[in-house]
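# Coordinate analysis (summary)
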Amino acid sequence: MGTLQLNSYGLASLKVPQNLKQTTNTLKNLKPPTHISFSRLKIRAVGTVPESKSDAKEPEDPPSINFAFVHSVLLPDGTPDVHFRTACGGQKLRDVMLDSNIELYGPYARPLLNCAGTGTCGTCMVEVIMGKELLNPRADTEKEILKKKPKNWRLACQTTVGKTDSRGLVVIQQLPEWKAHEWKYEKLLPPELSQ
């Protein structure tokens, strides 16, 4: 039939021999092409295999921030509903919560009832229980909206969590204005997330 060759420039070519015999009448009128070129291919090495096991190092986990989101409503057995998530630092808390399917707006979830992250409505309030050191300082718009609220309340849309290389734990109380219970976070955290 033909041969496929790959040259050192990454170009593929297909060569068909001239003495190709055809057996049917329909194929007698067709002449096979003598040379076909394909588009340029790039071949890139993705990694190397270590020569021995002693050279291989354990890959280090990428920097990430662990989150514990506590819902404002208790579970039927009387314990708080806690959701654990992990995300990269340098993101807005609002984006982390929405990407992780964590309830942020409660009754204000419809598009016309919140400002979509501009920091003007105050419907994305959260209470920071632990990990305040990983958050950016309050902005002026946030100070204005939260001036009558406790100091550990933040607007999720104005809160940046850490930097891209940050590690740590942030415990967030969702919908603090609707909270009807008190809890102790030391008892809730699993051993792999506690500091």
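Looking at an unreviewed UniProt entry, one finds the chain named 2Fe-2S ferredoxin-type domain-containing protein and attributed to Hevea brasiliensis.

### Notes on the confidence of the model for the chain
Per-residue pLDDT for the chain averages 76, and the proportion of residues at 70 or more is 61%. Considering only residues more than four positions removed or in separate chains, one finds that residues 20–26, a stretch of pLDDT under 50, has 5 contacts.

### Overview of the pairing of strand β10 (residues 168–173)
Of all the 6 residues making up β10, 6 are buried; the element is thus mostly covered by neighbouring parts of the structure. Burial along β10 is two-sided: the face carrying G168, V170 and I172 and the face carrying L169, V171 and Q173 are both buried. The pairing of strand β7 (residues 125–130) with β10 spans 3 bridges and is classified as antiparallel. Directly across from M130, in β10, lies its bridge partner V171.

### Considering the pattern of salt bridges
Taken as a whole and assessed by the stated rule, the structure comprises 3 salt bridges. R94 serves as the salt-bridge partner of D95, at 3.8 Å between the closest nitrogen and oxygen. Notably, a salt bridge pairs R154 with E142, separated by 2.6 Å at the nearest N-O pair. Residue R154 is located in strand β8 (residues 153–155), and its partner E142 is located in helix α3 (residues 140–145); the two are separated by 12 residues in the primary sequence. This pair shows no difference in class: R154 is buried, exactly as E142 is.

Cut-off values and rules
- Residues numbered from 1 in each chain as written.
- Predicted model: local features only at pLDDT ≥ 70, side-chain atom pairs only at ≥ 80, totals over all residues.
- Heavy atoms only, no water.
- pLDDT = per-residue confidence, 0-100.
- Contact = heavy atoms within 4.5 Å.
- Buried < 20%, exposed > 50% of the residue type's maximum accessible area, 1.4 Å probe, protein only.
- Helix = DSSP H or I, 4+ residues; strand = E, 2+ residues; numbered from the N terminus.
- Pairing = 2+ DSSP bridges.
- Salt bridge = Lys/Arg side-chain N within 4 Å of Asp/Glu carboxyl O.

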